[in-house]
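Coordinate inspection notes
For reference, the chains in residue letters:
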Amino acid sequence: MKEVQNIIFEELEDLRKRIISNIDSTGRKASGRTSGSMHTDISENRGILFGRMAFGTLETGRKSGKVPAGFYQIIKQWVIDKGISFDSQSERNSFAYLVSRKIAREGTQLYRTGAEADVYTTEVPETIERIKDRVGFLMRLEFESIKLNK
């Protein structure tokens, strides 16, 4: 059982690293909080890769309509995290306000164009297959061992 847990942990950690690499390579990284929020939890009969609630927007963008509370402040912090400079604080505030309003009305450009930044969608099924292959191989070895000991 410990070997299975180790396999699941290894594969989920590898998945976490690939997702972080995809976030970086698609230009979605601003502060690093989303990547930093990812962690693996393994128990006796399950394995989970956790991340922030807004994780899905990295891949599909944000649709128009309801935005999180304090969205203007989130955009203002995003501007700072991205290193976008302005001549004054009021220019930064205006920019953050206008961007947050546009996203609330129209959605992000990523969402509007229908493009997807493949951050995790293809990675998850590949990881599941690798886990199945590795655990299946382990089980075959165990069955072979049982046959040999008879």
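The rules we used
- Residues numbered from 1 in each chain as written.
- Predicted model: local features only at pLDDT ≥ 70, side-chain atom pairs only at ≥ 80, totals over all residues.
- Heavy atoms only, no water.
- Phe/Tyr/Trp six-rings, centres within 6.5 Å; stacked < 30°, edge-to-face > 60°.
- Buried < 20%, exposed > 50% of the residue type's maximum accessible area, 1.4 Å probe, protein only.
- Helix = DSSP H or I, 4+ residues; strand = E, 2+ residues; numbered from the N terminus.
- Expected span 1.5 Å × (residues − 1).
- Arc of directions from axis to C-beta.
- Contact = heavy atoms within 4.5 Å.
- Patch = residues over 30% accessible without salt bridge, like charges linked within 9 Å, V, L, I, M, F, W, Y side chains within 5 Å.
- Areas by Shrake-Rupley, 256 points an atom, 1.4 Å probe, with all protein chains shown as cover.
- Salt bridge = Lys/Arg side-chain N within 4 Å of Asp/Glu carboxyl O.

A few words on the packing of aromatic side chains. Enumeration according to the criterion identifies one aromatic pair in this entry. On the numbers, 5.2 Å between centres and 45° between planes, the contact of Phe86 with Phe95 is tilted. On the basis of relative accessible area, Phe86 is assigned to the partly exposed category, the value being 23%.

Let us look at helix H5 (residues 89-106). Over its 18 residues, H5 extends 25 Å from the first C-alpha to the last, a length consistent with the 26 Å expected when each residue adds 1.5 Å. Looking only at H5, the buried set comprises Arg92, Ala96, Ser100 and Ile103. Taken around the axis of H5, the buried residues stretch over an arc of 65°, which confines them to a single face. Where H5 is buried, its residues touch helix H4 (71-82).

Attention now moves to a nonpolar patch on the surface. On the surface, a cluster of nonpolar side chains totalling about 230 Å² of accessible area is made up of Trp78, Ile84 and Phe95. For Ile84, the position within the fold is in the loop between H4 and H5. Ile84 sits in the partly exposed class, given a relative accessible area of 30%.

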